[in-house]
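Structure assessment
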Amino acid sequence: SQKIEQNSEALNIQEGKTATLTCNYTNYSPAYLQWYRQDPGRGPVFLLLIRENEKEKRKERLKVTFDTTLKQSLFHITASQPADSATYLCALADSTLTFGKGTMLLVSP
Amino acid sequence: DAGVIQSPRHEVTEMGQEVTLRCKPISGHNSLFWYRQTMMRGLELLIYFNNNVPIDDSGMPEDRFSAKMPNASFSTLKIQPSEPRDSAVYFCASSLSGGRTNEKLFFGSGTQLSVL
């Protein structure tokens, strides 16, 4: 069966460090992969999209990698700040957009 | 420019009652999506519309759920009769064009539904 896995445990890091979040999937052949940020009580907000033929995509302090052989995407936030604390969701674009359950990131000062 | 607008923000109802959730997509967007979010199951796609026509309703849990999009600026999700297991946050989202999966979704703030 199709599955998208993100770490269910919160990731705690110190301000200034690089946060790395993982998204693994099985039985999908996504053409695109998207990352969203969700704050408590709010809807998800789009951050980045990466295509299957792209290895890496950057936007300011954010970097996403996409390895279709490993069936994995990594999401990095460099020089993390307390304001980056949120839940981050990956979404696989197959026939529709299917979301993982997300990983909570907590950045402490 | 206003984003996706959902109402109500919170709904508390008793089992067996009818619940109607409302959504106004971003003007000019042609695709509209209804998602449900719970801790156990995460964010699940219920149904999506393209140009007001339902394209995929395979995620609708059962016949108690129905969705309509009478025009480009309004959609409803109805649950009748509601049950406690329907308690969740319901999100509406819209995207610019034909629901192609390379497009980003714009989400509303959600409706927190509690069925007692």
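An account of the accompanying structure is given in this report. Only a predicted model underlies this, so the values are computations on that prediction, with no experimental measurement involved.

1. Some thoughts on the state of the cysteines
Residue and element names in this part refer to chain A.
- This model, assessed by the stated rule, comprises 2 disulfides over all chains.
- Note on cysteine connectivity: C23 is disulfide-linked to C90, with sulfurs 2.0 Å apart. Taking the sign of the S-S torsion, about 60° here, the bridge from C23 to C90 comes out right-handed. Of this pair, C23 sits in strand β3 (residues 19-26) while C90 sits in strand β9 (residues 86-93), and the two are 67 residues apart along the sequence.
- Exposure remark for C23: the relative accessible area of 0% places this residue in the buried category.

2. Describing the pairing of strand β8 (residues 72-77) of chain A
Residues and elements named next belong to chain A.
- Across 6 bridges, the pairing between β3 and β8 is antiparallel. Each residue of the ladder has a partner; that of A19, found in β8, is I77.
- The pairing of strand β7 (residues 62-67) with β8 spans 6 bridges and is antiparallel. Looking at β8, one finds that F66 is bridged to S73.
- Count of turn residues in the β7/β8 antiparallel hairpin: 4 residues, of which K71 carries a positive phi of about 55°.

3. Some points on the environment of S109 of chain B
Residues and elements named next belong to chain B.
- Counting through the fold element by element, S109 comes out in the loop between β10 (106-107) and β11 (111-115).
- Of the residues examined, S109 reaches a relative accessible area of 27% and is grouped as partly exposed.
- Sequence spacing of S109 and Y90 is 19 residues, and the spatial spacing of their C-alpha atoms is 9.0 Å.

4. Digging into the sheet that holds β3 of chain A
Residues and elements named next belong to chain A.
- On the basis of which strands lie adjacent, the open sheet formed by 5 strands has the order β1-β3-β8-β7-β6 and antiparallel pairing. At either end of the open sheet lies a strand with only one pairing partner, and these are β1 (3-6) and β6 (56-59). Taken pair by pair, the neighbouring strands of this sheet meet at an average axis angle of 15°, ignoring direction.
- As paired elements, β1 and β3 share 4 bridges and run antiparallel to each other. Residue Q6 lies in a different strand from β3, and its bridge partner there is C23.

5. So, the nonpolar core
- Ranked by internal contacts, the top residues of the largest apolar core, which has 23 residues, are L33, W35, F75, I77, Y88, L92 and L105 of chain A.
- Apart from residues lying up to four places away in sequence, F75 of chain A is in contact with A19, T20, L21, W35, L47, L62, K63, V64 and Y88 of chain A.
- In terms of nonpolar packing, the next biggest core, distinct from the first, is built from 21 residues, L21, L32, M60 and V115 of chain B among them.

6. As for the side chain of D84 of chain A
Residues and elements named next belong to chain A.
- As for its placement among the helices and strands, D84 is situated in the loop between β8 and β9.
- When its relative accessible area of 7% is taken as the criterion, D84 is described as buried.
- Engagement of the side chain of D84 in a polar contact is seen with the side chain of R61, the distance being 2.9 Å.
- The residues touching D84, leaving out its near neighbours within four places in the chain, are R37, R61, I77, A79, L105 and V107.

7. Details of the interface of chain A and chain B
- Taken together, the contact pairs 18 residues of chain A with 20 residues of chain B.
- Together chain A and chain B conceal approximately 1,500 Å² of surface at their shared face, both sides included; 55% is due to carbon and sulfur atoms.
- Summed over the three residues of chain A that lose the most area to chain B, namely T96, F99 and K101 of chain A, the buried surface amounts to 29% of that side.
- There are 0 salt bridges connecting chain A and chain B.
- At the boundary of chain A and chain B, one finds 6 residue pairs in polar contact (both at pLDDT 80 or more).
- In terms of residues, the side of chain A that touches chain B owes the most to one element, strand β4 (residues 32-38) of chain A, which gives 4 residues.
- In terms of residue class, the side of chain A that touches chain B is built from 9 nonpolar, 6 polar and 3 charged.

The rules behind the values
Residues numbered from 1 in each chain as written. Chains lettered and ligands numbered in written order. Predicted model: local features only at pLDDT ≥ 70, side-chain atom pairs only at ≥ 80, totals over all residues. Heavy atoms only, no water. Disulfide = S-S within 2.5 Å. Helix = DSSP H or I, 4+ residues; strand = E, 2+ residues; numbered from the N terminus. Buried < 20%, exposed > 50% of the residue type's maximum accessible area, 1.4 Å probe, protein only. Pairing = 2+ DSSP bridges. Axes fitted to C-alpha atoms, helices over the stretch in contact; angles between N-to-C directions. Core = buried A, V, L, I, M, F, W, Y, C linked by side-chain atoms within 4.5 Å. Contact = heavy atoms within 4.5 Å. Polar contact = N/O pair within 3.5 Å; in protein donor to acceptor, adjacent residues only side chain to side chain. Buried area = accessible area lost by both parts, 1.4 Å probe. Salt bridge = Lys/Arg side-chain N within 4 Å of Asp/Glu carboxyl O. Nonpolar A, V, L, I, M, F, W, Y, C, P; charged D, E, K, R; others polar.

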